[in-house]
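Architecture at a glance
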Amino acid sequence: MNEKNCPKCGARRLKTWDELTPEEKMIAERLPASAAYPPAERKRHRFCTRCNHEEKSPRDLG
């Protein structure tokens, strides 16, 4: 699997915040991580629009 593939559902591509449509951003703002991370940090995460998986930015992992 490519590093841009979703690790949860295998969707072909995770999207950055800027790539999300306004509707997708509205959904992302309601995901559980919205309570754990400030908005500025979440804009560095990547999102799966198929299963709503949210991946932390690489420098936050580990």
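One can find the structure itself at the top, above this paragraph.
Because the structure is a prediction, the values reported are computed rather than measured.

Thoughts on the overall build of the chain
Per the secondary structure count, the chain includes 3 helices and 3 strands. Secondary structure elements of the chain, listed N to C terminal, follow the sequence β-α-α-α-β-β. Here the chain holds 62 residues, and the buried ones make up 34% of them. Expressed as a percentage of contacts within the chain between residues at least 6 apart in sequence, the contacts between residues at least 24 apart total 43%. Counting only carbon and sulfur atoms, one obtains 50% of the accessible surface of the chain, whose full area is about 4,400 Å².

Here's the deal with the environment of P7
Locating P7 in the fold gives a position in the segment before β1 (15-16). Between the C-alpha atoms of P7 and H53, which are 46 residues apart in sequence, the distance is 8.4 Å. If we ignore the near neighbours within four places in the chain, the residues touching P7 are L14, H53 and E55.

Details of the sheet that holds strand β2 (residues 46-47)
The 3 strands lie next to each other as β1-β2-β3, forming an open sheet whose pairing is antiparallel. The outermost strands of the open sheet, each flanked by one partner alone, are β1 and β3 (54-55). Inspection of the sheet shows β1 paired to β2 by 2 bridges, in the antiparallel sense. Among the inter-strand pairings, K15 is bridged to a residue of β2, identified as F47.

Re the pattern of salt bridges
One pass over the full model with this rule turns up 4 salt bridges. Across the pair E54 and R42 runs a salt bridge, and its minimum N-O distance is 2.6 Å. Taken as a pair, E54 in strand β3 and R42 in helix α3 (residues 39-42) lie far apart in primary sequence, 12 residues in all.

So, the side chain of K15
Along the chain, K15 turns up in strand β1. Reaching out from K15, the side chain makes a polar contact with the side chain of E24 at a distance of 3.3 Å.

Brief notes about the nonpolar core
Formed by W17, L20, A28, L31 and F47, the largest nonpolar core amounts to 5 residues. In this structure, W17 is in contact with K25, A28, E29, K43, H45 and F47, ignoring residues within four places of it in sequence.

About the cut-offs
- Residues numbered from 1 in each chain as written.
- Predicted model: local features only at pLDDT ≥ 70, side-chain atom pairs only at ≥ 80, totals over all residues.
- Heavy atoms only, no water.
- Helix = DSSP H or I, 4+ residues; strand = E, 2+ residues; numbered from the N terminus.
- Buried < 20%, exposed > 50% of the residue type's maximum accessible area, 1.4 Å probe, protein only.
- Contact = heavy atoms within 4.5 Å.
- Areas by Shrake-Rupley, 256 points an atom, 1.4 Å probe, with all protein chains shown as cover.
- Pairing = 2+ DSSP bridges.
- Salt bridge = Lys/Arg side-chain N within 4 Å of Asp/Glu carboxyl O.
- Polar contact = N/O pair within 3.5 Å; in protein donor to acceptor, adjacent residues only side chain to side chain.
- Core = buried A, V, L, I, M, F, W, Y, C linked by side-chain atoms within 4.5 Å.

Remember that the coordinates give geometry; whether it matters functionally is a separate question.
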